[in-house]
Amino acid sequence: MAIIHATNPATGEKIKCYDLFSHDAVEAVLDNSARSRSEWASLSLDGRTVLLRSLANVLRTQKKNLAELITSEMGKLIGEAQSEIDKCAWVCDYYADKGQQFLADTPIESDASYSYIAYQPLGTILAIMPWNFPFWQVFRCAVPALMAGNNILLKHASNVPGCALALEQLFQTAGFPSHIFSSLLISSNQVEAIIADKRIHAVSLTGSEKAGRSVAATAGQYLKKTVLELGGSDAFVALEDADMDETVMAAIQSRFLNSGQSCIAAKRFIVLNSVADEFIERLHMAIEKRQVGDPLNPETTLAPMAREDLRDILHQQVSGSIDQGAVKVTGGKIPCRPGWFYAATLLDHVKPGMPAYDEEVFGPVAVVIRATDEQAALRIANDTRFGLGGSVWTKDAQKGENFARAMDCGCVYVNGMVKSDPRLPFGGIKHSGYGRELSLLGIREFMNAKTIWIK
Ligand code: NDP
């Protein structure tokens, strides 16, 4: 039987082996999910609301253990893992508070005596999720979908199998009926057959462009709805009148959170020439304060990366950019210690054609692109195949808003760090994917907006 390992990124040591599900085991999960579907879809909204509140309580009660599990499998700082669990509880509370309002029928005037939209669940959603926020990414997708009356089958990333099983257990502990949320321990080459299966009605994927293309192609072949949340190369634009203290503080937080492994991290710092030297000097000072170390130690400020292959790709991107003329201000090397650490890195004078300009840089590497003026800054911000998020920093709120409206991406924050928030729609355009998670739009993605017309 095929197995997968969980490996501790801070040490490189294997933690535990897990058997992948056999064909028969996958069949049983699909059958059970299909059988439990109609009962779940017909449960009252009050009933689902109570379960979401219970889930939030279970998360808060188990926060310590869950955070340690996250850190042991994918390496993030323990404080960040605890915040991730808090955020999962928040999204449960949010849809417990708002779900009934979002799912209410919408009356529409027409030639009928009464016409309206009724929102009904699609069925069983296959959620293919990544390791970088192994609980939050799952909750962001699953909680609105479950509130809407769908079931979830989770195919989690292969490096976080313990998290995958703990997630299923959480729903059980919170009192959800069996088979409403199930984890499948399978490899990605088992996914195609599952998407094709009649017992699956739609697919949500968060991950790489490559996985997105493959999953969307299969789902397209079987005419199943998809939501794709793929990579990003978010611009962080510092204009001449930006408040430098605030801007640099946000820059460091946004780039180095989760060891830089976030789809909405600031990946390209586009800075006007007139303030570039000051920005870089201050950012450099802040970067030098980052301390690599054991992510379970609350004093550590730079965690390892999640996998060795991801660190190798990052190092190639950095080295390739330096070879092509980028200036290394600091970092650019693999520290001499066990685990998948990468030195906090700052690259200046990054230009088109360099990997650090053209590709998503998924790790603790700050990339500065200098711009001659605001128009050039906007052109550079939009000069990417990605379109997830972005931010602009200026004391002139109107200028910031105009800039935000001109950026080609799913969200722009003016004088704020890009973040996901249950109250606001989240998702991208271009190669960052399509569809929206969270907020009103997120709960409607996996629903049939059914028109009812009565004479
Ligand atoms: P992947 O896209 O390979 O993995 C994400 C999820 O998709 C995992 O569950 C994975 O399963 C699954 N998957 C991968 N390929 C397929 C496929 N062909 N069919 C079905 N499922 C598939 O990302 P990586 O972990 O390899 O990371 C690579 C890069 O992707 C990162 O460097 C980053 O650029 C981007 N990324 C973006 C994320 C985001 O938040 N948007 C999150 C993670 C990565 P399995 O693990 O079993 O392969």
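Residues numbered from 1 in each chain as written. Predicted model: local features only at pLDDT ≥ 70, side-chain atom pairs only at ≥ 80, totals over all residues. Heavy atoms only, no water.

Draft legend 1. Broad picture of the packing of aromatic side chains. For the structure on display, the rule yields 13 aromatic pairs. Judged by centre distance (4.1 Å) and plane angle (5 degrees), the rings of Phe 171 and Phe 181 are stacked. Here the residue Phe 171 occupies a position in helix α6 (residues 161-174), and Phe 181 occupies one in strand β7 (residues 181-184), the gap between them amounting to 10 residues. The pair formed by Phe 171 and Phe 181 is uniform in burial state, with each residue classed as buried. Aromatic ring contacts, followed pair by pair, group Trp 40, Phe 139, Phe 171, Phe 176 and Phe 181 into a single cluster. Cation over ring: Arg 48 sits above Trp 40, and NZ or CZ is 5.9 Å from the ring centre. Over the ring of Phe 341 we find Arg 337, and its NZ or CZ is 4.6 Å from the ring centre. (Phe/Tyr/Trp six-rings, centres within 6.5 Å; stacked < 30°, edge-to-face > 60°. Helix = DSSP H or I, 4+ residues; strand = E, 2+ residues; numbered from the N terminus. Buried < 20%, exposed > 50% of the residue type's maximum accessible area, 1.4 Å probe, protein only. Lys NZ or Arg CZ within 6 Å of the ring centre and 35° of its normal.)

Draft legend 2. Layout of the UniProt feature "domain: Aldehyde dehydrogenase" (unreviewed entry) in the protein. Taken from the UniProt record, the annotation "domain: Aldehyde dehydrogenase" (unreviewed entry) applies to residues 4-452. For residues 4-452, the helix share is 43%, the strand share is 21%, and the end-to-end C-alpha distance is 48 Å. (UniProt positions renumbered as here; feature names shortened; annotations may be inferred.)

Draft legend 3. Expanded view of the site of the ligand. Residues in close proximity to the ligand total 26 residues, the closest being Met 129, Trp 131, Ser 158, Ser 208 and Glu 360. A distance of 2.4 Å separates an oxygen atom of the ligand from a polar atom in the side chain of Ser 158. Between a nitrogen atom of the ligand and a side-chain N or O atom of Ser 214, the distance comes to 3.2 Å. Considering the ligand on its own, with 860 Å² of exposed area, one finds that the protein chains cover 83% of that surface. Counting residues per element, the ones that place at least two in the shell around the ligand are β8 (202-206) and α8 (209-221). Top element by residues in the shell around the ligand is α8. It accounts for 3 residues. Grouping the amino acids of the shell around the ligand by side-chain chemistry returns 13 nonpolar, 9 polar and 4 charged. (Near = heavy atom within 4 Å. Polar contact = N/O pair within 3.5 Å; in protein donor to acceptor, adjacent residues only side chain to side chain. Areas by Shrake-Rupley, 256 points an atom, 1.4 Å probe, with all protein chains shown as cover. Nonpolar A, V, L, I, M, F, W, Y, C, P; charged D, E, K, R; others polar.)

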